[in-house]
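Survey of secondary and tertiary structure
Below are the chains, spelled out letter by letter.
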Amino acid sequence: MGSFIARRLLSIVPVIFGVSVVIFLLVQLTPGDSATALLGPQATEEAKQELRQALGLDRPLPVQYGAWLKRTLSGDFGTSIATQIPVTDLVLPRFVNTLILTSSALLLAMIIGYSIGLFAALRAHSAFDRSTMSLSLLAGSAPEFWLGLMLVLLFAIKLKWLPVSGMEDMAGDGGLLDLLKHLILPAVTAALGPAAIITRIVRASLIDTLRRPHVRVARAKGIKRASLLRRHVILNALPSITTITGLQLGYLMGGTLLTEVVFAWPGLGSLLYDSITARDIPVLQATTLLIAFTFVIANIVVDVINAMLDPRLREA
Amino acid sequence: MSFQQTFRRFTFALALSASAIALAPTAVLAQGGTLIWGMPAETDTLDPHATGGWSTYQVTYQIFEGLVKEDLTKADVPTPELIPGLAKSWTISPDGLQYTFTLREGVKFHDGTPFDAEAVKFNFERFWDESSPNFYKKAKAFVIAYTKWIKSVEVVDPMTVRVTLKAPNYQWLRQGLQSYGQPLMVSPAAVKQYGNEGIVAHPIGTGPFKFVERDQGVKTVIERNDDYWGNKAKLDKVIFRPLQDPATRINALENGEIHMITTPPWDEIERLKGEGFVVTTNKNVPYINFIHLNFKNPALKDIRVRKAINMAIDREGIANEIYRGTGRAEYGMLSPGTDAYDPNFKSFTYDPEGAKKLLAEAGVKDLKLVFEIPQYGTGEIVETWIQRDLKKVGIDVELRKYEWVTYLGKWAGGMPEDVAMNEIGWGMSTPSWIDIVSRCDSAPPGGINSGYYCNPEVDKLLDQAILERDPVKAKEIYQKANRIIMDDAAFVPLVDDLQPIITSAKVKGFVNPPEDWYDLSIVSVE
Amino acid sequence: MTSPALEQTEPLSRPLRSPRRFWRIKAFLRNWTAVTAAAFLLVVLLASVFAPFLSAHGPYDADNLSRYVPIGTEGYLLGTDQQGRDMVARLLYGGRISLLVGILPTLTASAIGLALGLLAGYTRGLADHVIMRCLDVVFAFPMVLLAIAIAGAMQPGVTTEIISITVILIPYFARLARTATQDIAAMPYIEAARAAGGSPADIMLRYVLPNVFSPVIVYATTLMGLMIVVGSGLSFLGLGVQPPTADWGAMVAEGRVVLRRAPHVTVLPGILILAVSLAFNFLGDGIRDALDPRSIRR
């Protein structure tokens, strides 16, 4: 088990390295650079040259990448070109914000998904099953930014129960209740897609496991449903369920961008988008790496859990 | 005194003091309130010397001041008046080369340090003097249009500073009040304490508001400076809130989460008016939306084609149908916000038949043109209208849309031969802006004359205009240049929006001036 | 911005041995939900293709006097949009782009991913490692970043959308194909074939591929619907089609601002996106159920 974990952890290194190189190259390929972005209509060649020199952007690419790599490995992620705020000061709070949104959404998705999936599996092919499956498909197929707007219109504008945007009340003092009020709509919007997926997978896994010979035998033996579920069914269905749940976390990390933009939730997704628009390379690199890293870690955690449940997988 | 009399006096005194106490907090509350402004974009840095955006100026204008200021408290003027700022008066030598500023006494920066001639010199050294140890390289790129005229800066006495220019330029003061590089006064003590890079976190100026905090992506907060030298602000606080999605901005406004938005979607203006929001506009905007015509493009080398394009576009239609009354058609290249603007200036009229004739005369058939445009959040409604108008006279326009920064790079770099037109909306409150887009030597890479227009007569006139001390005479010269530019059909001026700003009914005292930034010290919120 | 359903790898209860097409098609037809979905999709597809014959107006015919006309007005069955263009026309022509963005990248990615996954899963060893590591990099890459970067390097447009989505989808198909290949390669009959002296290529093509095909097809069908939603997200961010081209996603994004005043502009294309995505899902479910010999339909 230990060597399996070690091997998986080692695999992070080439992947993260690969991501950093790719992102660096992609930005270079993108026309228009930070100097242009900052200078706006004043972006004469002369002004751009001045600014590029001041920012160190006129050095050859490998040198720039090398300098960045050296700094990063020693923990210095540099300063944002657009706002001159140190990158760590920019990225960490946003990371926390996205985590708040993501974990709430994941939690919601898991609660909805596991419960509905379980019930649907136990009543497979019934009217309940069919209707909930259709509803989950519906929820999962709606564009996030559109869904968010609908929810805002209903709950914020019409009913005035919840705020329209942001993470906190601007004029107020904040606090947990304020945060929760602001969290509800974006979390629900972000959760619906993953909830739909989890529901379907849970249902499919459970139905599959329920049909297996050992379960049939247990049923025939007259074992009560609760203990049957606990001991025979759920454990076997777990690998697929944990896989899909872990993957939802990965998706949510980079995928909450649309929700963040619509709700003005100050998270990593919107920071990523802004940094691309502004060609803010240090921020862009740090944010991408963070997202990629989280995604990879989430995958590894899922792999480890699955390997714990099923020793056959430890060969990978 | 009898017991009753004492008792009555006592209760009366009690009532009096009670009412005094009750009134007192009300008196305090009658001041200001907090204004929350939903901005379409995040500000970049709060260091005025190292920023180029007008949306940032909307914030830094409240915190920093320059030697001279524009009076933004009046809406109905053609251009904001130049008034004393940190310099209570100034003189310009007869040869136009020496500006002597007499500084205001008793002014302090927000950190308590005094404002004096040494502070002014420090600031100039920071953004202009490369030989000084205080020089900040990054600032130079931004403030360059202002600083390239400066020959020297000297301290005459503790309250007097003299700036000597290399050549006379009577638009120079106004040029320093634009957002493309803001030569405003920063506290030297702050720079010494926090370093050049540290000013963004400690933006310490002299203005009516001081910086409180910035949570990037969430809010920037400033509060009233009670030690301000001039008219103190009414508001207690201003919170700038970036909300990029226009639908979210509208919803937040309607829900009372913000009090003010700029650049609202045109189609929502009427509805919001009907719901009790206040819409202010200003017809003298200091910028102009226009199309650069590429003189390197083979088809556009013929003046008849350029004229035809100008005649084929229904500007009034765009102003009425798309801008819904918050737009004004423009026919010249001087923006309404400058003192050289002439509202009666006429050039081309909407005449599709005439356009067709001209094209036929020029022997042009099945003309295909490429029009590069930037990506707008509101969709490309105006550009597709233009596309249709040109189709009606037989010109096929291909729209190529680019993401904003990519587009900027292309626009600033000059159009290649195969591109016929690109567009932009910008300007300044000084008519010398026209130099930047139309002089021969402003062609890229030296400037932003993206279409490579070149007419030596225009250059001569512009050289004269900047030497003209009398604004009335300067206006005449600029108008002459404007006339030649339009006769050459070098650009296609389009429709200006009237800068509609929507505020909640709770906001009092807001003035929408002929500029892109606003004086918030006169505003209060109920 | 990736869709959660991309990771949906539902287990096939048992791999198949040999094609029995007739029975499978019959099983499919018994599933009326899937059949309805397929019919609906066909109608939508045909309607888009034959759009010029079905709508009186063109998608670019703007009439500035008839902006935001409501549903049911004379001459404009479903109303008009912000430039006075007929909604019926915009929806029909828009369907071409939206369906293209949904179908083409998915098919391309499935083909490439299938090949890669087959190779990785069957050969194992170095090829497997290299392929999977490279794919991991793409996997870990935030999708929106890739889309924006590609859109920046090229012009934003349909081509860019298609390329971005294809690149993003490849790892998902490759993973699925690899897992399926590994499962099948472990089966006794494959070992038997190897012992009988078949070449790896031959075995891959004749025995493994047909069985890997099935889960990939199911997955691809489901994904097609989702990619339409993803495409609309890209349009929302401004990376999609160019004006004045019609596309459901772009229509939803643009119409959001005037939701109060003219809801049909954003709601109608939104409904279409939902319906088509749903239909693809039902279709995928139907195909999967038909391919699974143990599925019991009541």
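Every chain's residues receive numbers from 1 upward, in the order its sequence appears when written. A letter from A marks each chain and a number from 1 marks each ligand, given out in the order of writing. This being a predicted model, a pLDDT of at least 70 is required before a residue's local features are given, and a value of 80 or more before pairs of side-chain atoms are given or counted; all residues contribute to the totals for chains, interfaces and linings.

Along chain A, the regular secondary structure elements total 14 helices and zero strands. Secondary structure elements follow DSSP: runs of H or I of four or more residues count as helices, runs of E of two or more count as strands, with numbering from the N terminus. Ordered by position from the N terminus, the helices and strands of chain A form the series α-α-α-α-α-α-α-α-α-α-α-α-α-α. Counting only C-alpha atoms, chain A reaches 85 × 55 × 35 Å along its principal axes. In chain A, buried positions account for 48% of the 316 residues. Considering only intrachain contacts with a sequence separation of at least 6, the fraction spanning at least 24 residues in chain A is 72%. The burial criterion counts other C-beta atoms lying within 10 Å of a residue's C-beta, which is placed from the backbone; the residue is buried at 20 or more, exposed at 12 or fewer, and partly exposed between these limits. The contact criterion used is a C-beta to C-beta distance within 7 Å, with each C-beta placed from the backbone.

With that settled, consider the overall build of chain C. Helix and strand counts for chain C come out as eleven helices and zero strands. Its helices and strands taken in sequence order, chain C reads α-α-α-α-α-α-α-α-α-α-α from the N to the C terminus. Taking all 298 residues of chain C together, the buried fraction comes to 56%.

Take the sheet that holds strand β13 (residues 288–293) of chain B next. Residues and elements named next belong to chain B. Here a strand pair is declared whenever DSSP counts at least two bridges between the two strands. Taken in spatial order, the five strands of this open sheet run β16-β15-β17-β13-β18, and their pairing is mixed. The open sheet has two edge strands with one neighbour each: β16 (395–402) and β18 (491–493). The average undirected angle you get between the axes of adjacent strands in this sheet is 25°. Where strand β15 (residues 367–374) and β16 come together, eight bridges link them in parallel fashion. Counted as the bridge partner of L369 is V397 from β16. Only the stretch in contact is used when a helix axis is fitted, and all axes are lines through C-alpha atoms; the angle between N-to-C directions ranges over 0 to 180 degrees.

Glancing now at the interface of chain B and chain A. Contacts between the two partners involve 44 residues from chain B, matched on the other side by 41 residues from chain A. Examining the composition of the side of chain B that touches chain A, we find that six residues originate from one element, helix α13 (residues 404–413) of chain B, more than from any other. A per-class count over the side of chain B that touches chain A returns 19 nonpolar, 14 polar and eleven charged. Each residue is assigned to one class: nonpolar for Ala, Val, Leu, Ile, Met, Phe, Trp, Tyr, Cys and Pro, charged for Asp, Glu, Lys and Arg, and polar for all the others, Gly among them.

Here we come to helix α7 (residues 246–254) of chain B. All names here are of chain B. The buried count for α7 comes to seven of nine residues, which makes it a mostly enclosed element. Turning to α7, its buried residues number three or more, namely A247, T248, R249, I250, N251, A252 and L253. Phi turns positive, to about 80°, at G256, one or two residues after α7.

Residue-level confidence of the predictor is summarised by pLDDT, bounded by 0 at the bottom and 100 at the top. Per-residue pLDDT for chain A averages 80, and the proportion of residues at 70 or more is 91%. Element-level pLDDT for chain A is lowest in helix α11 (residues 225–255) of chain A, with a mean of 69, against a maximum mean of 88 in helix α6 (residues 87–122) of chain A.

As a further point, take the sheet that holds strand β4 (residues 87–92) of chain B. Residues and elements named next belong to chain B. As summarised here, the arrangement of the four strands in space is β4-β5-β7-β6, forming an open sheet in which the pairing is antiparallel. The strands lining the two open edges of the sheet, one partner per strand, are β4 and β6 (150–157). When strand polarity is set aside, the average angle formed by the axes of neighbouring strands in this sheet is 20°. Pairing of β6 with strand β7 (residues 160–165) involves six bridges; the strand directions are antiparallel. Its bridge partner being in β7, S152 is matched across the sheet by T164.

The subject of this paragraph is the nonpolar core. By our criterion, buried Ala, Val, Leu, Ile, Met, Phe, Trp, Tyr and Cys residues that link up through C-beta atoms within 7 Å make up a nonpolar core. Core analysis: the biggest nonpolar cluster contains 317 residues, and L35 of chain B together with F173 of chain C have the highest contact counts within it. Looking at which element gives the most residues to this core, the answer is helix α9 (residues 200–236) of chain C, with 17 residues. In this view, L35 of chain B contacts L235, V238, H259, M260, V507, L520, V523 and V525 of chain B; residues no more than four positions away in its chain are not counted.

Quick look at the environment of R324 of chain B now. Residue and element names in this part refer to chain B. Counting through the fold element by element, R324 comes out in the loop between α10 (315–322) and β14 (327–329). You can call R324 partly exposed: it has 15 C-beta atoms within 10 Å. When the C-alpha positions of R324 and N310 are compared, they lie 22 Å apart, and in sequence the two are 14 residues distant.

Bringing the confidence of the model for chain C into the picture now. Residue and element names in this part refer to chain C. Taken over all residues, the pLDDT of chain C has a mean of 78, while the share at 70 or more is 85%. Within chain C, the lowest mean pLDDT, 69, falls on helix α6 (residues 143–153), and the highest, 90, falls on helix α2 (residues 32–49). Counting interchain partners and residues more than four positions distant, the pLDDT-below-50 stretch residues 1–8 has 32 contacts. At the level of chain-chain contacts, confidence expressed as ipTM amounts to 0.79, with global pTM at 0.82.

The next thing to look at is the packing of helix α15 (residues 456–466) of chain B against helix α16 (residues 471–487) of chain B. All names here are of chain B. Closest axis-to-axis distance for the α15/α16 pair is 9 Å, and the angle between their directions is 165°. Relative to α16, the element α15 is oriented roughly antiparallel. For the crossing formed where α15 meets α16, the hand is left-handed. The segment α15 lies against α16, with E457, V458, L461, L462, Q464 and A465 engaging A474, I477, Y478, K480, A481, I484 and I485. Reported orientations rely on four angle classes, namely roughly parallel under 35 degrees, roughly antiparallel over 145, roughly perpendicular from 65 to 115, and oblique for the rest. Helix crossings fall into two classes, left-handed where the near helix is turned counterclockwise from the far one by less than a right angle and right-handed where it is turned clockwise.

Moving on, we get to the environment of Y287 of chain B. Residues and elements named next belong to chain B. Tracing the backbone shows Y287 in the loop between β12 (278–280) and β13. Among the residues examined, Y287 registers 23 C-beta atoms within 10 Å and is labelled buried. In the structure, Y287 is positioned 103 residues away from L390 in sequence and 24 Å away in space, judged by C-alpha atoms. For Y287, the residues in contact, after removing those within four places along its chain, are S335, G425, W426 and G427.

It is worth spelling out helix α7 (residues 127–141) of chain A at this point. With 15 residues, α7 of chain A extends 21 Å between its outermost C-alpha atoms, agreeing within 8% with the 21 Å of an ideal straight helix rising 1.5 Å per residue. The complete set of buried residues in α7 of chain A reads M133, S136, L137, G140 and S141 of chain A. For α7 of chain A, the arc enclosing every buried residue in end-on projection is 125°, short of the 170-degree limit, so these residues lie on one face. Residues of α7 of chain A that are exposed and point over 90 degrees away from its buried face: A127 and S131 of chain A. Each element contacted by the buried residues of α7 of chain A is listed here: α6 and α9 (176–210) of chain A together with α9 and α11 (264–291) of chain C. For a helix, the expected span equals 1.5 Å multiplied by the number of residues minus one. Read the arc as the range of directions from the helix axis to the C-beta atoms.

A few words on the pairing of strand β17 (residues 421–426) of chain B. All names here are of chain B. For β17, a buried count of five out of six residues is recorded, marking the element as mostly surrounded by other parts of the structure. In this sheet, β17 lies alongside β13 in antiparallel orientation, the contact comprising six bridges. Within β17, the residue paired with N289 across the bridge is G425. Summarising the sheet, β15 and β17 pair through two bridges and their orientation is parallel. Its bridge partner being in β17, E372 is matched across the sheet by N422.

Turning our attention to unusual backbone geometry. Despite not being glycine, Q84 of chain A has its phi angle at roughly 60°, a positive value. By the secondary structure assignment, Q84 of chain A is in the loop between α5 (61–73) and α6. The exposure class of Q84 of chain A is buried, given the 20 C-beta atoms found within 10 Å. Even without a glycine there, the phi angle at Y452 of chain B is positive, about 60°. Residue classification places Y452 of chain B among the partly exposed positions, given that 18 C-beta atoms sit within 10 Å.

Here we come to the pairing of strand β1 (residues 34–39) of chain B. Residue and element names in this part refer to chain B. The buried fraction of β1 is high, at five of six residues. For β1 and strand β11 (residues 260–262), the ladder comprises two bridges, and the chain directions are parallel. Bridge pairing in β11 links G38 to I261.

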